[in-house]
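Chain by chain, the residues:
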Amino acid sequence: MRQADFDTTDLRRAFGTFLTGVTVVTTRDESGAPCGMTANSFTSVSLDPPLVLVCIGNGSSNITAFEATDRFAVNILGHDQTDVATVFSARGVDRFATIVHEEATTGAPILTDCLGWFDCRLHQRVIAGDHLILIGYVEDLQIGQRPPLGFCRGRFVNLDATVSPGMPAK
Ligand SMILES: Cc1cc2nc3c(=O)[nH]c(=O)nc-3n(C[C@H](O)[C@H](O)[C@H](O)COP(=O)(O)O)c2cc1C
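The shown structure was predicted, so the numbers you read here are calculated from the model rather than taken from an experiment.

1. With respect to the site of the ligand
- Near the ligand, the surroundings consist of 16 residues, among which Ser41, Ser60, Ser61, Arg91 and Arg95 are the closest.
- In this structure, an oxygen atom belonging to the ligand sits 2.7 Å away from a main-chain N or O atom of threonine 38.
- In this structure, an oxygen atom belonging to the ligand sits 2.7 Å away from a side-chain N or O atom of arginine 95.
- For the ligand, the accessible surface in isolation is 610 Å², of which the surrounding protein chains cover 81%.
- Elements with a minimum of two residues in the shell around the ligand: strand 3 (34–39) and strand 5 (51–57).
- Partitioned by chemical class, the residues of the shell around the ligand number six nonpolar, eight polar and two charged.

2. Things to note about the sheet that holds strand 6 (residues 71–76)
- Taken together, seven strands build an open sheet; the order of strands is 3-2-6-9-10-5-4 and the sheet is antiparallel. With one partner strand each, in any of the chains shown, strand 3 and strand 4 (43–46) form the two edges of the open sheet. Mean inter-strand twist for the sheet, computed between neighbouring axes without regard to direction, equals 35°.
- Where strand 2 (residues 23–28) meets strand 3, six bridges bridge the pair, whose relative direction is antiparallel. Within strand 3, the residue paired with threonine 23 across the bridge is alanine 39.

3. Section: helix 1 (residues 8–16)
- Burial of helix 1 is sparse: only zero of the nine residues sit out of reach of the surface.
- N-capping of helix 1 is provided by aspartate 7, with a side-chain oxygen placed 3.1 Å from the backbone N of threonine 9.

4. Observations concerning the sheet that holds strand 11 (residues 149–152)
- The strand order 1-11-12 describes an open sheet built from three strands, whose pairing is antiparallel. This sheet does not close on itself; its edge strands, each paired only once, are strand 1 (20–21) and strand 12 (155–158).
- The sheet contact formed by strand 11 and strand 12 spans four bridges and is antiparallel. Bridge pairing links glycine 150 to valine 157 in strand 12.

5. A closer look at the packing of aromatic side chains
- Considering all chains together, one arrives at three aromatic pairs under this definition.
- Plain terms: the ring middles of phenylalanine 42 and phenylalanine 118 are 5.5 Å apart, the flat faces sit at 20° to each other, and that makes the pair stacked. You can see phenylalanine 42 sitting in the loop between strand 3 and strand 4 and its partner phenylalanine 118 sitting in strand 9 (residues 116–128), a full 76 residues away along the chain.
- For phenylalanine 42, a relative accessible area of 21% puts it in the partly exposed group.
- Judged by centre distance (5.4 Å) and plane angle (55°), the ring pair of phenylalanine 151 and phenylalanine 156 falls under tilted.
- Overall, phenylalanine 151 belongs to the partly exposed group, its relative accessible area being 23%.

What counts as what
- Residues numbered from 1 in each chain as written.
- Predicted model: local features only at pLDDT ≥ 70, side-chain atom pairs only at ≥ 80, totals over all residues.
- Heavy atoms only, no water.
- Near = heavy atom within 4 Å.
- Polar contact = N/O pair within 3.5 Å; in protein donor to acceptor, adjacent residues only side chain to side chain.
- Areas by Shrake-Rupley, 256 points an atom, 1.4 Å probe, with all protein chains shown as cover.
- Helix = DSSP H or I, 4+ residues; strand = E, 2+ residues; numbered from the N terminus.
- Nonpolar A, V, L, I, M, F, W, Y, C, P; charged D, E, K, R; others polar.
- Pairing = 2+ DSSP bridges.
- Axes fitted to C-alpha atoms, helices over the stretch in contact; angles between N-to-C directions.
- Buried < 20%, exposed > 50% of the residue type's maximum accessible area, 1.4 Å probe, protein only.
- Phe/Tyr/Trp six-rings, centres within 6.5 Å; stacked < 30°, edge-to-face > 60°.

Listed below in structure tokens is the structure:
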């Protein structure tokens, strides 16, 4: 096998140059308590069937809940929610204590003030290196209008700016 001439720090920095949105992926643990974490690994996968994915690190304190769950929600954060992203990536705090949330159709927690969300049944679970890929079948969604929160090179990015036309709207 070819010996890589980069190390994990280079790889992490290279991954970090790819601009993403920011989500909080949520589920319930075995006791029914809400749990979740900030994740920028969210990707849309398929329109028909409607599929999305998110990657959960093996070292996450939530890994047991995500390994066992058959439902999860992906909450897309708005440009004004850096505080929510910070809370849901901090260790040793009660992440849901200060964040208003409700229950989606599947029972997964939805963050009430987020930009939009996907409520998912588990479609497939894939072990990939040091992450668990959860592929979800979208059962319900909410579409938001305000600008999204971005993330690039380890920093939050405010995307509240005029953008040029991309894909034609259908
Ligand atoms: C912007 C941002 C994006 C993140 N994306 C992911 C991700 O996609 N997958 C992941 O496992 N952790 C991700 N993390 C790290 C987790 O949010 C969390 O900090 C880490 O898993 C430690 O907390 P935990 O052990 O309770 O999960 C991200 C953190 C930040 C701030």
